[in-house]
Amino acid sequence: MAYLALYRRFRPTNFDKVIGQDVIVKTLTNQIMTDKIGHAYLFCGARGTGKTSLAKIFAKAVNCLQPINGSPCGKCLACQSLNDPSNIDVIEMDAASNNKVEHVREIRENVQYPPINVKYKVYIIDEVHMLTPEAFNALLKTLEEPPKHAIFILATTEPQKLPATILSRCMRFDFRLIETKKLHDLVCEIYDEIGKEYTDEAVTAIAKAGEGSVRDTLSVADLCVSIGDGKLSYNDVLSVLGATDLNKLNDIVKNMFLGNIGGVLTATDELLALGKSIGVLVKDLAGYLRDLLVVKTCKTAKEILSLPDDRFETMLSTANMVNEVRILRSLEIVSGIENALRFSTQQRNVLESALLKASTPENDGNIDALLSRIKTLEDKIKNLSSEDFIKPTKVEVTSTVNKVEVAPVVTKEQAPIVKEEKPKEQLPPIIETKPIIKETPKVEEKPIIVEEKPAQITNVEPIKPSVDARRVWGTIVRKLRTMPGKTILWVACQELSATISGNTLYINVTGESEKNLLLKDDNLLVIKELASSFGDFDVKINDGSEGEVVQNQKDRVSEFFSDTVEIK
Ligand SMILES: [Zn+2]
């Protein structure tokens, strides 16, 4: 006996076996059970969603003598007579090949005669949108007022091509694409029945390849049956589908994310050398990027994609190289060239330029590229450790400033409270400063003014505490500019900062070259001389051990703001 394709062998014979069209099945069975059967139906939907199968079941069900829950029993005389392919009571017509007005006229003439063995004569017209306008017109009258014993079921994948006059005369049912999960279960069921061993990932890959169509899914499943004798694996399915090797796709994408243009082009070249067509490669690449996006953004990605563990791990590590904006941008670029490819005679150029564009967001001025770069920066900032900032010091500073502001305004009674907050402070010195505070008229306006005065009076330390390192350093750099032979030093110093701690001016360097430049010739001496106009400073290089910088800054800042209290 000739081999019967799986999708024909496992075609549903009653409503219970139909998958994915629950609403339609329910409506139709209800009509049968309540005997409210219409005379014209329109089944719309993508190929392989069960339109013809349901039409055949419905044709049997309306005629069945003892329907079970609306489904044909399959045993009664009517069912048996309709099981015979040569019966003339259920007429199937393919409008794609019988689209002329004569074909419809034939129907019109025959429909007058009642059915021979059953109650209803059912006409199933497939691909009805292929009828010519004349044929549609010829059908109109019959469709509107058919004889009582006639039922028309029109099936089409493109309902928008039907004239409104036809649409308005039919009861319309829109068939949905079947969920991958349901297709997966169907394939499992069929493989179990025919005794084919399989892995779950393999069946999921088959179900996905079907893209919502039972017929397409079962066609792939059919091809996979004959692959090897053993257990059907994920890779077997990929080879049947002719899908691009995922490792090679991953190579392209990884290099794309690294910005390694050479790597991208080499990996692409390897794939094309295997005879892969550019169109298929673009489709596979877009699919892969889409999956990466799922891996990157969904917690349940593993279940959604249903991939073997090792493959999932590979994808996860690739997805973690970049942020989701970057992946999305790459996906948009790759899937965006599908149209261009169709009209191009230089397909390879189109593909390669798109891949380069996706690899180098930094060369791209459009919003998506910029967003991708901003997101990368944001992520970097987020990942910086808190130690990279001197934030805590700043907090201390503001609080100290507050205290300083409070101090001048308050009276003697409140003053001791300020003292208590300061460690190691002795009562007497602060009491001494208070009269001074009172004496100064501008006390309430600015704490800094207050600071200067006690400093001068007590003379414990020179001007140092009130000296702002930025101001000192800024002046030094400005002066360097006018000095002959110090242009390079001036340029370098513009990029540097300085801090003051005690009597020492620290120049903060971040690299060896800056340090070497400062140590060269008399550079440090020159700077020391320039600094001397602010006081007697020792000039040292702070060569970038972070702790030291932070410590110095802390010293500087606390000195600068809290000296009112420090001064004895
Ligand atoms: Zn029956």
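What counts as what
- Residues numbered from 1 in each chain as written.
- Predicted model: local features only at pLDDT ≥ 70, side-chain atom pairs only at ≥ 80, totals over all residues.
- Helix = DSSP H or I, 4+ residues; strand = E, 2+ residues; numbered from the N terminus.
- Contact = placed C-beta atoms within 7 Å.
- pLDDT = per-residue confidence, 0-100.
- Buried ≥ 20, exposed ≤ 12 C-beta atoms within 10 Å, placed from the backbone.
- Pairing = 2+ DSSP bridges.
- Right-handed = clockwise from strand over helix to strand, strands pointing away.
- Expected span 1.5 Å × (residues − 1).
- Arc of directions from axis to C-beta.
- Axes fitted to C-alpha atoms, helices over the stretch in contact; angles between N-to-C directions.
- Parallel < 35°, antiparallel > 145°, perpendicular 65-115°, else oblique.
- Left-handed = near helix turned anticlockwise from the far one by under 90°.
- Nonpolar A, V, L, I, M, F, W, Y, C, P; charged D, E, K, R; others polar.

## Some details on the overall build of the protein chain
Next, step 1: Across its full length, the protein chain holds 29 helices and eight strands.
Next, step 2: Excluding contacts between residues fewer than 6 apart, the proportion of contacts in the protein chain whose partners are at least 24 apart in sequence is 72%.

## Details of the confidence of the model for the protein chain
Next, step 1: Model confidence for the protein chain is summarised by a mean pLDDT of 80, while 81% of its residues fall at 70 or above.
Next, step 2: Low confidence marks residues 391-465, where pLDDT is under 50. Its contacts with residues over four positions away, or in another chain, come to 72 contacts.
Next, step 3: Throughout residues 546-568 the model reports pLDDT below 50, and contacts reaching past four residues in sequence, or to other chains, amount to 47 contacts.

## Focus on the environment of Ser-239
Next, step 1: As for its placement among the helices and strands, Ser-239 is situated in helix H11 (residues 234-241).
Next, step 2: Under the C-beta neighbour-count criterion, Ser-239 is labelled partly exposed, with 13 such atoms within 10 Å.
Next, step 3: Residues Ser-239 and Cys-224, 15 residues apart in the sequence, show an inter-C-alpha distance of 9.4 Å.

## Re the environment of Ser-532
Next, step 1: Here Ser-532 lies in the loop between helix H28 (523-531) and strand E8 (538-542).
Next, step 2: The class for Ser-532 is exposed, based on 11 C-beta atoms found within 10 Å.
Next, step 3: C-alpha of Ser-532 to C-alpha of Val-472: the two residues are 60 residues apart in sequence and 9.7 Å apart in space.

## So, the pairing of strand E3 (residues 121-126)
Next, step 1: With six of its six residues buried, E3 lies for the most part within the structure.
Next, step 2: Of the two faces of E3, the one holding Lys-121, Tyr-123 and Ile-125 and the one holding Val-122, Ile-124 and Asp-126 are both buried throughout.
Next, step 3: Pairing analysis gives five bridges linking strand E2 (residues 90-94) to E3, with the strands arranged parallel. Counterpart to Asp-94 in the pairing with E3 is Asp-126.
Next, step 4: Read as a crossover between parallel neighbours, the route from E2 over helix H5 (residues 101-110) to E3 is right-handed.

## Some points on helix H8 (residues 180-194)
Next, step 1: A rise of 1.5 Å per residue sets the reference length of H8, with its 15 residues, at 21 Å; its end C-alpha atoms lie 21 Å apart and thus fit the reference within 8%.
Next, step 2: What H8 keeps buried is the set Leu-183, His-184, Leu-186, Val-187, Ile-190 and Tyr-191. In an axial view of H8, the angular spread of the buried residues amounts to 165 degrees, which keeps them on one side of the axis. Those residues of H8 that are exposed and aimed more than 90 degrees away from the buried face are Lys-181, Glu-189, Asp-192 and Glu-193.
Next, step 3: Buried residues along H8 sit against helix H1 (6-9), helix H9 (200-209) and helix H10 (214-225).
Next, step 4: Of the residues trailing H8, Gly-195 is marked for its positive phi of about 75 degrees.

## Side note on the packing of helix H17 (residues 324-336) against helix H20 (residues 367-383)
Axes are the key here: two packed helices are described by the angle between their axes and the distance separating the axes.
Next, step 1: One can describe the packing of H17 onto H20 by two numbers: an axis separation of 8 Å at closest approach and a directional angle of 155 degrees. As judged from the angle between their axes, H17 and H20 are roughly antiparallel. Our pair here, H17 against H20, has a crossing hand that is left-handed. Where H17 abuts H20, its residues Val-325, Arg-326, Arg-329 and Glu-332 lie against Asp-368, Ala-369, Leu-371, Ser-372 and Lys-375.
Next, step 2: Per-class residue counts for the contact of H17 with H20 are three nonpolar, one polar and five charged.

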